[in-house]
Structures are given as structure tokens and as C-alpha cells.
Amino acid sequence: MLEEQDELVVRLRSGDRHAFRQLVDALHPRLLRFVNRLCPPPSVAEEVVQDTWHVVIDRLHTFRGDSRLSTWIFQIATHRARTRAVREGRYAATLLESWDHADPGGDGGLSRFDSRGRWVAPPAGWPPDDPEASAMHQQALARISEVIDQLPEAQRAVVLLRDVEGLDTREVSTILGLSPANVRVLLHRGRHRVRSELEAVWTGRESC
Amino acid sequence: MLKCREVYEIASDYIDGDLGRWARIQMRLHLAMCRHCSRLVRQLEYGRRIVREEAGSTVIESASTARSELLATYDARYAAPSGSGVEPPAHED
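What counts, and at which threshold
Residues numbered from 1 in each chain as written. Chains lettered and ligands numbered in written order. Predicted model: local features only at pLDDT ≥ 70, side-chain atom pairs only at ≥ 80, totals over all residues. Heavy atoms only, no water. Patch = residues over 30% accessible without salt bridge, like charges linked within 9 Å, V, L, I, M, F, W, Y side chains within 5 Å. Areas by Shrake-Rupley, 256 points an atom, 1.4 Å probe, with all protein chains shown as cover. Salt bridge = Lys/Arg side-chain N within 4 Å of Asp/Glu carboxyl O. Helix = DSSP H or I, 4+ residues; strand = E, 2+ residues; numbered from the N terminus. Contact = heavy atoms within 4.5 Å. Expected span 1.5 Å × (residues − 1). Buried < 20%, exposed > 50% of the residue type's maximum accessible area, 1.4 Å probe, protein only. Polar contact = N/O pair within 3.5 Å; in protein donor to acceptor, adjacent residues only side chain to side chain.

Participant: So what's going on with a nonpolar patch on the surface? Which residues, and what values?
Facilitator: A cluster of nonpolar side chains, Met1, Trp22, Ile25, Leu29 and Met33 of chain B, forms an exposed patch at the surface whose accessible area comes to about 620 Å². Examined against the element boundaries, Trp22 of chain B turns out to sit in helix H2 (residues 21-33).

Participant: For the environment of Val44 of chain A, give the residues involved together with the corresponding values.
Facilitator: As for its placement among the helices and strands, Val44 of chain A is situated in helix H3 (residues 42-59). Those residues within four positions of Val44 of chain A in sequence are excluded, and the remaining contacts are Cys39, Arg84 and Arg90 of chain A.

Participant: How would you explain helix H6 (residues 135-150) of chain A if you had to name every residue and give the values?
Facilitator: Given 3.6 residues to a turn, an α-helix orients residues that are three or four positions apart in the same direction. The terminal C-alpha atoms of H6 of chain A, which comprises 16 residues, lie 24 Å apart, in line with the 22 Å expected from a rise of 1.5 Å per residue. Buried residues of H6 of chain A: His137, Ala140, Leu141, Ile144, Val147 and Ile148 of chain A, and no others. Residues of H6 of chain A that are buried in the fold lie against helix H2 (17-38), helix H7 (153-164) and helix H9 (180-203) of chain A together with helix H3 (35-56) of chain B. With a side-chain oxygen positioned 3.0 Å from the backbone nitrogen of Met136 of chain A, the residue opening H6 of chain A is Ser134 of chain A.

Participant: Could you give me a rundown of the pattern of salt bridges, with the residues and numbers involved?
Facilitator: Evaluated as defined, the whole model comprises 25 salt bridges over all chains. The salt bridge partner of Glu88 of chain A is Arg84 of chain A, with a shortest N-O separation of 2.8 Å. On the basis of relative accessible area, Arg84 of chain A is assigned to the buried category, the value being 17%. A salt bridge links Asp16 of chain B to Arg48 of chain B; the nearest nitrogen and oxygen atoms lie 3.0 Å apart. Residue Asp16 of chain B is located in the loop between helix H1 (4-15) and H2, and its partner Arg48 of chain B is located in helix H3; the two are separated by 32 residues in the primary sequence. Each of Arg162, Asp163 and Arg191 of chain A together with Asp16, Asp18 and Arg48 of chain B takes part in salt bridges that share partners, so that together they form one network.

It is worth stressing that arrangement in space is one thing and function is another; only the former is reported here.
Shown next as C-alpha cells:
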């Protein structure tokens, strides 16, 4: 894998436009999908991703191979998206600030337990064995986009990178400049929020 | 024996397979006996799947000129001498 990457980087640095085109084809849609969730609308996301590729082209010679090439490119895209969003006053200057401001009380999950660590408000009995076959799944699917967009920024970024892009904790940590422990906490909080919102859809109750 | 509150705290790591061996065994023991926590884990797994499904169905169209502009920028930066074979060779029978 690393040898393949080394070879790709050599080809990119030597002006192999076929290699560059393949890289763009593979990553551009993923970058656009991710950046659009951090810095919408799509027209702005497109500008950010184009800008990202220009940085990649300019700085290809500085890539040292400490991470995967795709991780490095996602890192640049995230930085450009945050810079744009912060400039427009949408986010706090750092992800950790955004985390603290947007989510001071964590996911509130501990209020679900009594002093002996037992459930006070246990999860309801959903989903059924094959949830994707249920009509309710379509309702949940229709709601989930809004749920993701309403997550605090840092949680949203971590959930998207882990659960949509399939990156591991270390890669996400590199991309977002957070410790692996912070990434795990953010993922925990984001997933429990998603679960809570899905529970509201599946049970028809208000989320908590 | 893990408490339900502790299961709640590590359930996200559990569905990723990120727990150590001992914690994983404790988790499985707890889940075998606790209906509530089993539901929690199944719901988190379902949440992970549906987030991926929704995002996977999202396609944002790029401007048609975007890619050609990028290729032009790349060529300008890394322009190889003519005849260096930067394009893949044409298939020859």
C-alpha cells in the first residue's frame, strides 16, 4: 500500500497528468461531499475544493508521506473550509472552541442513568430486525440529513470522516488536528445524538 | 460486571471494534444479559449505517470546467518535456 502511494507521488511530481486525473476523479466527489457539510452551499464548497487542489498542486513537493496522500488532502480541504467558514463568522476559530461552545454539556446521556449506573430511560424497542425493509426507514433517511447538519461542527466533522468516509481514528485525528481521545469522544457524542434523533422518528416521540 | 452507564460510554468504541480484549469480553457478557444495552448497540449500528447510506446517495455535481481547469493548472506547474510519456501510452494491438 505504502509502496503504491510512493509510486503515485513520484508520478504526480513528475508531471503524470493521467495519475493526477485519476486522483482527482477518486477524491473530488468525496471532498465535495464532506466540505459541503462543513461549508455549504455547494457553490462555496466547490470553490473550497478547487482551492484545495491548487494547494495540493503547489505543495506536492512538501508531502513527506507521514500519512496517506488522501489524508493529507482531506486535511488541506478541512483547513480551507474552516478558514472560509471562520472568515464568514460561521464557526469559532478552532474546532475545540467550537466543541466547547456548541456542546458544553456533552451528549446529556448520563442523565439517562440512576446513581447505580442503571437505565432510568432505557432505549425503546426499535429498530426491527430488518430496518432497511421498513417504510419507517425511508422517513428516517429523509430526516438524517438535517440531523447531521444540526450536529455541532466538530461532531459533524468526526462523524462524517469516520462513518461516511470510513477513515480510522488516527487519520481523523491528523485531519482535524485533535487528539485520538478527543476524536473518540466527539464520535461517541455525535453517534448518540444521531441515535436519539432516530429514536424520535421510529417511536414518534420527541428526542431527548 | 459492567454497569449500563459504562456500556453507554464505550458502546461507540465497541461497534468500531476499538475495545481491548478484556473490555470486549465484558461488553459481550453484559449484552448477553441486558436487553436495554443490546438495543442501544443495535441502534448505534443502525445509525452508523443510515448516516453512510444518506451521504452515499448525495452527489454534488461539479462545474463542467472545474476539472479541465485543474488539469491545466497541474500541467502548467509540472509540465514535462514533450515526449516524456506523461499520458498513458495508447493501446497497440
